[in-house]
Structures are given as structure tokens and as C-alpha cells.
Amino acid sequence: MSAADRTPSERVDVCVVGAGPAGGIVAHSLADRGHDVVVLEAGPRVPLAERLERMERHQRPAHDWTDVWGMDGERDAYSSTGDVDYPLNRTRIKGVGGTTLHWIGYTPRFHPKDFEMGTRYGLGTDWPIAYDDLRPYYAEAESELGVAGAEDNPFAPPREEPFPMEAFPPSHSDSILGAACEELDIEVHSVPQARNSEAYDGRSACVGYGTCHPVCPSGAKYDGSVHIRKAESEGARVVDRAPVQRLEHDSEGERVEAAVYATPDGTEHRQEARQFVVACGAIETPRLLLLSQSEQYPDGLANSSGAVGRYLMDHLLYLVTGRLMEPTEQHQVGFSTSVTHQFYDHEEATPGSFFVGFLNYAGPSPVEAALDDGGWGDDLTAAVERSYGGHIGTEALVEQLPNPNSRVTLDPDETDDHGNPVPQIHWTVGDHGRTTAEKAIEVQRDILDEAGARVDYATPADDPLSGSHPMGTTRMGDDPAESVVDRRLRTHDLENLSIASSGVFPTGGAMNPTLTIVALSLKAAEHIHDDL
Amino acid sequence: MELTRRDAVAALAAIGVGGGVVYGATELREGRGPGESGETPTSADDTGALLETTVALAEIIYPPEVTETESFVRTFVSGRIEDDDARREAMVDAADALDADARSEHGASFRELEPEEGDALLETLGMSQVDPNPEGDERQRIRYYLVNELLYGLMRSPKGGQLVGIENPPGYPGGLDAYQQGPE
Ligand SMILES: Cc1cc2nc3c(=O)[nH]c(=O)nc-3n(C[C@H](O)[C@H](O)[C@H](O)COP(=O)(O)OP(=O)(O)OC[C@H]3O[C@@H](n4cnc5c(N)ncnc54)[C@H](O)[C@@H]3O)c2cc1C
Ligand code: SF4
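The shown structure was predicted, so the numbers you read here are calculated from the model rather than taken from an experiment.

## Quick notes on unusual backbone geometry
Residues and elements named next belong to chain A.
Next up, step 1: In this chain, Thr 350 is followed by Pro 351 through a cis amide linkage whose omega measures 0°.
Next up, step 2: Considering the arrangement of structural elements, one finds Pro 351 in the loop between β11 (339-340) and β12 (354-358).
Next up, step 3: Of note, the phi angle at Glu 329 is positive, near 60°, even though the residue is not glycine.
Next up, step 4: Secondary-structure assignment places Glu 329 in the loop between β10 (316-323) and β11.

Structure representation (C-alpha cells):
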């Protein structure tokens, strides 16, 4: 089958919508078990060979951040109406590999408390599954992605097996902030990450390009295209530039019959399948369900609870940065090597969970500094030294609680390149998040103060940055009146429709979500296999 | 700090150009443009002129700490345009534009100017304030395709990193030791 053939296959076992890590893992897992799988992906394939050029786009002024992966056109239009702006197109990528083409790659497990917020604190709700249920899938996810890590984190949940690869050693600037933390009785440890500290799974070891986020030219950083390639080698078919417009159900409204997708030549096709998995991320997944409204389901598919699109959460991101009078050796790798989870498992309900990580890429890079400055010759070295030297920084990811009014809906006024209403994002922060943020920022400031740095920037508590981790918009639960999918990740309303996404998280904790997304995707694939 | 042809090959390899096979300046001057074996002398001439222009420009814009820039620039620029006709054309156009400015201000092409004259011309053109833009006006394209192109080549190479005391600048795959070590 040629790569450019975008006509549908004959009714297949499984149709997966979205080729990010969630879709890739489900597709591979099911193709590997012998099922006939088609993946429909809205964005293009991005050959590894193009990545250096994309890195250059990132490094040279004249190109916007969103140019690197071609986001922000009419295809990607959206509106943001919440108390805090949601910069959607900086938080996602459309392409084979999905948003992980651009992620940093930290892969902590959620802590047990994240599954029990209702019981432990009377906040949010419990997950229908516990840490122990997910634990074997976590181990499998770590091995699929290739996680480098160490068992030096006294606050991490229990695990039986070592990480697949050794952790990355701490950086020079970690030693500066680590010493400060020692004075403050804050325990610091390594960061598990889906990045090769040695050659793994046919991919190279990290070679230190230092541009991981937004692009790793070497392939040492895991991204979702890895499992798409593996799925293809197990016989799955992947159709790129094929955005699904809607899902169509049978006359009883019990099963999805087809995914209707558009192709670049302007035609629409129907892919039929026995099972469907929507893996479009936590914004486009609810949007697709809402776009799939029918006479029988006027409020959108799988939405009898009314929860589709609601409970939008993200991790609130706070940066506190400063300058030291000494060199801090930033920007020689593009990822962090030390964090602290000491403040994660709290006694009182609020302030809630957060963690603090140390940046290895604080301040402008020397390349940016040289190309941005405008000067040359004599002036150049001084200008670069002035803007590059002495930066140091921390970031905190902070938990927020689910709120039904924080949500994704269809914008009544604006349509995309196919005439579909664009997603309207109404993101709210909430008191729990704000109070937790105040505590996090205090810890971040204390660390920089103790290190002798002059703080030059702190994100305000009530105006967080998006952690680029949207969650909660198709929540999982046992009660069909309150949730969209059950503990098997299948929608309550349609018997052959599953969701693989952080959209299913009932609460979001403060840990980076992707390892949990992958663990749940493996679980979903197992249940779909049983059904087939 | 001396720049060498080897530094340029390293810089190119980092950007994914050439498995070390990079056209030498002589081949280009003699009319054998990259991949063309002398078949289209005009473009080889253009390329030769472009190389001369970039060598003259680097002399002015590279910090005084870096010396012996010629072979670095020739190798770097040749490698960048070897398999990239669009970049070659855009760079040649930008160099032509710079030459036209040089002629109207100083009566000679840019590569024939004294470094002080070249420096003054860049100032006159407002190069320090111009936003680089590959699709912009003439001055913006000069900034993007010539000035920033050369600065990019330098700053993402280890020698460029050394200017500010780091061994492994972003964009250069210099391994995993440098980030762990403190300043020397
Ligand atoms: C800057 C940044 C840094 C990050 N760092 C981390 C990190 O360190 N750790 C971590 O855990 N997470 C991180 N993330 C988040 C991480 O990238 C996501 O959690 C992860 O990619 C989600 O996987 P997914 O497969 O669910 O969705 P995505 O990766 O978003 O993939 C969804 C895919 O579905 C496709 N799609 C959407 N709609 C349709 C449609 N209608 N039809 C067909 N296809 C469709 C999209 O084009 C896309 O390719 C980061 C994100 C960003 C932006
Ligand atoms: S530092 Fe980042 S970009 Fe460079 S090879 Fe390692 S993972 Fe990839």
C-alpha cells in the first residue's frame, strides 16, 4: 500500500484515531496481538531526517515557536475564554508522534494519593482504579518508552523492578541548587525520563544536542512515532493527514460504525471497524465526540453524563529564575536532571501536591543570544556573555482540582479549515491550585535565595503558565451518570468505543502525565483484545 | 582562537550536512560548483562570489577572538548550499543585494571593501536593528541569509561556545560530559 493512498481499508478490527503516544501504543499492542489495525492521524508524517532543519527553525530568530512543527494555521484555530489564557497551539503537535515530538520527556509515575483524592482529602474524586492496579502497566510502559531513572527518590511510590536504563547524572547547576536544598533540608533526587542514557530499542543514546524541547534530532528522546513504526512493522496501516471529522453510530446508538475522515484532496472517506479508539489528546478527543452529535445524541457522542469536555485540568506551571555571579553552565543539555518530590504527599488537603525541578536551560542560549542581539564583531562576545551568563532557575508543577466549569466546548462563531466549530477552551485555576502555587513559589524562592541568586522572574500565583498537560475532559468512573469511560477505558454509552488519553484522568495530580497515559493505553488495549 | 576547516566540518555535521565530504574552495573557484562538475558555470561563479562575500563578512562580524576564519567560512557555507539550491539562491540574492549597496556607497563590491568600510556599510544599512526574516525585505534577508547564517555556524560550534565558556553549545551534539562539569 503506497504511503499516499488514503482510501479506507475494508472493515478492520480496530480503528485508532490519533497517532500520538497513546494511539501508537494501542495500535502497536493490538497489531502485535494479530489484529488488523488502521490509524488515522490529522497531521503529517515527519521523517527523522527533517528534524535538524526543525531544530534550526527553533534556534534561529525569525521563526516562531509554533513554526517548528507547523502549528497555528486555520486547521489548528481555537478560542480561549477562561480566567487564564490557554495557549493551545504551544501545548500540542499534530503529526505522527503527536505532542511527544515536542515534549521534554519526564516520566514519573503518579503517586498513590493521586488516585484517592476524594477519600484522603475530600477533594475532587477518587479514580475507579488504584496505584496498585496500574503498577504492572507502569512497569511495562517504562520498558516500552525506555525510561532512564534511579531508585534514589525516597518519596516515589513502590516499584519492584529497576528502571530500564541508568539515570542521567546531575548537572553542574544542580550541584549549586542541591547545596542550597541541603541547607534547607530539602531532599533532591533524579528525574525518570524517556530519553536514552544508553542505546535502547534500536535508538541512539542521547548525544547532547540540548534542544530536546522542541525537537530532538537524534531520536534519543522517545516520541510516539516509535510505536507507530513498530505498529506498522506488525502490519498496522497508518494514514496521515487524515483528520477524523466525526464518528457515526448504528441505528440503535450502541456501536460506532465508522470514522469519517477528510484527506488533503478534499474528499471524505469512511473507515469501518469493529472497535474504535479515540486518542486525540484531551482537547481534540472531547471535541471529536461533541462534533459527532446525531439525532439520537444531540449533545455529542458518549455524553449522556454531560461530562464530555468538562473538568478540564492542567498542571499549573511556575518558573522562578535568577542570576548568580558565577557561570552556571546552562544549555548544554535540554533536560532537567534533579527534582524534589518532598512536597508531594501532603497531610492537609490544601496546599496540595507540587514538585520542584531544577532547570538546565535557564535564560537565553548562547546561540539565541548571539543571533538576537543584532551586534557583531567586538560587541558580540560581550553581548552574549551578558545575556548568557549566570542564569539559574526552577520550575514547579502544581496540582489543580477538577471543576465542571473549566471546559472545552465547540466555539459557536469560528470554524476550522473543514468548516467544523473550533475548540473553545475555558480554563480556570481555582483556589486549591492558587494556594498550592503560593507554597510552591515560596519554596522556589527559598532555594534561589539560599543559593545566593538574585531572583529576576517569578510567575505570579494567580496567572500560571500551562504545563501543557490538559486532562480530565472525558473522565473515567464507575457511575455512567458522572463519567464518560469506565475502568476499562470504554465509553459507558457505546460498547465498541474506547478512549486512550489524559482526558480520562478524574484528577490530575502534579506529575507529568504521559507515563500514566501510556500505562492506561496498554490497559485499554488489553481489554479491547479481550473483546475482539 | 583559531577556526579551522575541521571546526566547520563539525558544525556542518551537527546540522546534518555532508558525511565529511565538503567541497573545497578551490573546486568552487575553478568553476566546479557543488554537484555540478562545472556544467553551469554561472551558478558556480555566483557560488564563488558568494563565498568571497561571506569570507569578507565573517572578517567583520566574527568576534576578534576568533582568527583564521576563511577556511571555516568557505567550508561551512559550501556545505550549507551543497544540496540545498533554495538556500544557495537565497544567499546569492542576499549577497548580490549587499554588493549593490556596497557599490552605491563605496563604488566596489562588498568583498572588495576594507573591513572598516564593510563595517560602516553594515551600520548604514541598520543591520544591528534589522529583524532577520527569510521572506522579508532586502535588508532583512541580508541579516537572515548572511549575517545570522554565519553567526549560527559559529555559535553552535564548540569554538563559538568557548567564547562564553561552554563546550557543548545547543545544536551541537557534544555528548553528556560537558553539562556535568563546572567552569574550568
Ligand atoms: C512543551 C511540552 C512539553 C511536555 N513535556 C512533557 C513531559 O516532560 N512529560 C510528560 O509526561 N508530558 C509532557 N508533555 C505532554 C505530552 O506531550 C502529552 O501528554 C502526550 O503527548 C499526550 O499523548 P496523546 O497521545 O494522548 O496525545 P498527543 O500526543 O497530543 O497526540 C494526539 C494526536 O491525535 C491527533 N488528532 C487530534 N485530533 C484528531 C482527529 N480529529 N483525527 C485524527 N487525528 C487527530 C493529533 O494530530 C495528534 O497527533 C509535554 C507537552 C508539551 C507541549
Ligand atoms: S540532549 Fe535532548 S535533543 Fe539532544 S540528543 Fe539528548 S535528548 Fe536529543
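Once the structure has been displayed, the description carries forward.
## Quick word on the nonpolar core
Next up, step 1: By size, the foremost hydrophobic cluster in this structure holds 104 residues, and its most contacted members are A:Val37, A:Leu40, A:Leu145, A:Leu247, A:Phe335, A:Leu497 and A:Leu520.
Next up, step 2: Considering each element in turn, this core owes the most residues, nine residues, to helix α11 (residues 514-531) of chain A.
Next up, step 3: A:Trp376, A:Val384, B:Ala108 and B:Met155 belong to the second-largest nonpolar core, a separate cluster that totals 56 residues.

## Thoughts on the site of ligand 2
Next up, step 1: Residues in contact with ligand 2 amount to 13 residues; listed here are only the nearest, A:Cys206, A:Tyr209, A:Cys212, A:Cys216 and A:Ser218.
Next up, step 2: Across the shell around ligand 2, the residue classes tally to seven nonpolar, four polar and two charged.

## Quick look at the interface of chain B and chain A
Next up, step 1: With 47 residues of chain B at the interface, the matching set in chain A holds 43 residues.
Next up, step 2: Roughly 3,600 Å² of surface becomes buried between chain B and chain A when both sides are summed, with 61% attributable to carbon and sulfur atoms.
Next up, step 3: Together, B:Tyr152, B:Pro170 and B:Tyr179 form the three largest contributors to the area buried by chain B at its contact with chain A, with a combined 21%.
Next up, step 4: Connecting chain B to chain A are three salt bridges.
Next up, step 5: The shortest N-O distance in the salt bridge between B:Arg80 and A:Glu56 comes to 2.6 Å.
Next up, step 6: Seen at the junction of chain B and chain A, the total is 18 residue pairs in polar contact (both at pLDDT 80 or more).
Next up, step 7: Elements represented by at least two residues in the side of chain B that touches chain A include exactly α1 (5-15), α3 (41-61), α6 (115-124) and α7 (138-155) of chain B.
Next up, step 8: In terms of residue count, the dominant contributor to the side of chain B that touches chain A is α7(B) (seven residues).

## With respect to the packing of helix α4 (residues 131-145) of chain A against α11(A)
Residue and element names in this part refer to chain A.
Next up, step 1: Remark: α4 packs on α11, axes separated minimally by 8 Å, with the N-to-C direction vectors making an angle of 110°. On the basis of the axis angle, α4 is roughly perpendicular to α11. For the pair α4 and α11, the contacting residues are Leu 134, Tyr 137, Tyr 138, Glu 140, Ala 141, Glu 142 and Leu 145 in the first and Leu 515, Thr 516, Val 518, Ala 519, Leu 520, Leu 522, Lys 523 and Glu 526 in the second.
Next up, step 2: Considering only residue class, the contact of α4 with α11 consists of 10 nonpolar, one polar and four charged.

## Quick notes on the pairing of strand β9 (residues 268-278) of chain A
Residue and element names in this part refer to chain A.
Next up, step 1: As judged from the five bridges shared by strand β1 (residues 12-17) and β9, these two strands associate in the parallel manner. Bridging from a neighbouring strand, Val 14 pairs with Gln 275 of β9.
Next up, step 2: Alignment of strand β8 (residues 256-262) against β9, held across five bridges, turns out to be antiparallel. Considered in β9, the bridge of Ala 259 is made with Gln 271.

## Re the environment of A:Gly122
Next up, step 1: Secondary-structure assignment places A:Gly122 in the loop between α3 (117-121) and α4.
Next up, step 2: Spatially, the C-alpha atom of A:Gly122 lies 42 Å from that of A:Gly210, the residues being 88 residues apart in sequence.

## Brief notes about the pattern of salt bridges
Residue and element names in this part refer to chain A.
Next up, step 1: Evaluated as defined, the whole model comprises 43 salt bridges over all chains.
Next up, step 2: Of the charged contacts, one joins Arg 270 and Glu 248 as a salt bridge, the two residues approaching to 3.0 Å between their closest N and O atoms. A residue pair is termed long-range when its members are at least 10 positions apart, and Arg 270 in strand β9 and Glu 248 in strand β7 (residues 244-249) qualify at 22 residues.
Next up, step 3: Given a relative accessible area of 35%, Arg 270 falls into the partly exposed group.
Next up, step 4: By relative accessible area, Glu 248 is classed as partly exposed at 25%.
Next up, step 5: The partner of Asp 531 in a salt bridge is Arg 488, with the nearest N and O atoms 3.2 Å apart. Note that Asp 531 is positioned in helix α11 and Arg 488 in the loop between β17 (465-466) and β18 (497-499), a separation of 43 residues in sequence.

## A word on the site of ligand 1
All names here are of chain A.
Next up, step 1: Close to ligand 1 lie 35 residues; Glu 41, Thr 99, Tyr 106, Val 244 and Thr 514 are nearest.
Next up, step 2: Ala 22 places a main-chain nitrogen or oxygen 3.0 Å from an oxygen atom of ligand 1.
Next up, step 3: Here ligand 1, which alone exposes 990 Å², has 94% of that area covered by the protein.
Next up, step 4: Secondary structure elements with two or more residues in the shell around ligand 1: α1 (21-32), α7 (281-291) and α11.
Next up, step 5: Here the residues of the shell around ligand 1 are counted per class, giving 16 nonpolar, 15 polar and four charged.

## Remarks on α4(A)
Residues that lie three or four places apart on an α-helix share one face, since the helix turns once every 3.6 residues.
All names here are of chain A.
Next up, step 1: The first and last C-alpha atoms of α4 sit 19 Å apart over 15 residues, in line with the 21 Å expected at 1.5 Å per residue.
Next up, step 2: Those residues of α4 not exposed but buried are Tyr 131, Leu 134, Arg 135, Tyr 137, Tyr 138, Ala 139, Ala 141, Glu 142, Glu 144 and Leu 145.
Next up, step 3: Contact partners of the buried residues in α4: α1, α6 (225-233) and α11.
Next up, step 4: Residue Gly 146 follows α4 closely and has a positive phi angle near 80°.

## Some words on the side chain of A:Ser498
Next up, step 1: With respect to the helices and strands, the residue A:Ser498 is situated in strand β18.
Next up, step 2: Beyond its immediate chain neighbours, meaning those up to four positions away, A:Ser498 contacts A:Phe276, A:Val277, A:Val278, A:Leu489, A:Arg490 and A:Ile528.

Analysis parameters
Residues numbered from 1 in each chain as written. Chains lettered and ligands numbered in written order. Predicted model: local features only at pLDDT ≥ 70, side-chain atom pairs only at ≥ 80, totals over all residues. Heavy atoms only, no water. Helix = DSSP H or I, 4+ residues; strand = E, 2+ residues; numbered from the N terminus. Core = buried A, V, L, I, M, F, W, Y, C linked by side-chain atoms within 4.5 Å. Buried < 20%, exposed > 50% of the residue type's maximum accessible area, 1.4 Å probe, protein only. Near = heavy atom within 4 Å. Nonpolar A, V, L, I, M, F, W, Y, C, P; charged D, E, K, R; others polar. Contact = heavy atoms within 4.5 Å. Buried area = accessible area lost by both parts, 1.4 Å probe. Salt bridge = Lys/Arg side-chain N within 4 Å of Asp/Glu carboxyl O. Polar contact = N/O pair within 3.5 Å; in protein donor to acceptor, adjacent residues only side chain to side chain. Axes fitted to C-alpha atoms, helices over the stretch in contact; angles between N-to-C directions. Parallel < 35°, antiparallel > 145°, perpendicular 65-115°, else oblique. Pairing = 2+ DSSP bridges. Areas by Shrake-Rupley, 256 points an atom, 1.4 Å probe, with all protein chains shown as cover. Expected span 1.5 Å × (residues − 1).

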